[in-house]
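One-letter residues, chain by chain:
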Amino acid sequence: MNASVEAEPYPYRFDLATTALLIIDMQRDFVEPGGFGETLGNDVSMLRRVIAPLREVLDAARAAGMLVVHTREGHEPDLSDCPPAKLTRGEPSLRIGDPGPKGRILIRGEYGHDIIDELKPLPDETVIDKPGKGSFYATGLQDLLTAHGITSLVVTGVTTEVCVHTTVREANDRGYECLVLSDCVGSYFQEFQDAGLAMISAQGGIFGWTAPAKQFLEALR
Ligand code: C5J
């Protein structure tokens, strides 16, 4: 099925069979109190507003038979895949690997590292564990997309200016056509949300397209 979404900077055309929904890092550590995001001094409530529209998009994508891929940012329990620069940067109240209220911060297998209940992956959906901000770096994402014939990505998740942006830039350089759903991506900072979205569609769509969820849902219908 071919469809078109009213988007910035111009309509986004896609084929359902070659388009995947990518949900980036909707983990307790980022969107709930007591996790990594909060240890960095952020107000997690800023991110929670994406949950409801994203849930609607996830339901529609599943109903339409789209490939759905989830990602999680995090590290091995021995921190062997965490560069020292990432571990030591800044002055957080808790560092990656430290025990927090939801288990060790950003460590695979811990409660806080996992995806929130509202967006829990189905057993047949792939979850990509990534050590970096980008979803392609040191992961099997590209091989998975290639195996499924995917050439277009509908991108959602958190945070807009960090893992979403890094992923969209990686994807764009690899030739994927990316549509970022503006109310399904979130930032702890309104100014970064606005600038991050504007940067994607600027200059004729230098990194891709942006549109609110309702436009994508309409196209699916
Ligand atoms: C951050 C992310 N912000 N998922 N990670 O550290 O954007």
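Preceding block: the structure.
Residues numbered from 1 in each chain as written. Predicted model: local features only at pLDDT ≥ 70, side-chain atom pairs only at ≥ 80, totals over all residues. Heavy atoms only, no water.

Q: Outline the sheet that holds strand β7 (residues 126-130), supporting the account with residue identities and numerical values.
A: Taking strand neighbours across the sheet as the criterion, the six strands line up as β7-β4-β3-β8-β9-β10 in an open arrangement whose pairing is parallel. With partners counted over all chains shown, the strands left at the sheet margins are β7 and β10 (209-211), one partner each. Neighbour-to-neighbour, the strand axes of this sheet turn through a mean angle of 25 degrees, independent of strand direction. The pairing of strand β9 (residues 177-186) with β10 spans three bridges and is parallel. Paired with leucine 181 across the two strands is alanine 211, which belongs to β10. Against the sheet, helix α9 (residues 213-220) contacts β8 (152-158), β9 and β10, and its axis sits at roughly 125 degrees relative to β9. (Pairing = 2+ DSSP bridges. Helix = DSSP H or I, 4+ residues; strand = E, 2+ residues; numbered from the N terminus. Axes fitted to C-alpha atoms, helices over the stretch in contact; angles between N-to-C directions. Contact = heavy atoms within 4.5 Å.)

Q: Report on the layout of surface pockets, specifying residues and quantitative values.
A: Within this model, the largest pocket holds a volume of roughly 420 Å³. In terms of lining residues, the largest pocket is bounded by 20 residues, among which Phe36, Leu40, Glu73, Lys133 and Val162 are the most central. Breaking the lining of the largest pocket down by element, the ones donating at least two residues are α2 (36-39), α5 (84-88) and α7 (160-173). Tallied by class, the residues present in the lining of the largest pocket amount to eleven nonpolar, three polar and six charged. (1 Å grid on protein atoms, 1.4 Å probe; cavity = no way out; pocket = protein on both sides within 12 Å on 5 of 7 lines; lining within 4 Å. Points joined across faces, edges and corners; volume = space filled by probe spheres on them. Nonpolar A, V, L, I, M, F, W, Y, C, P; charged D, E, K, R; others polar.)

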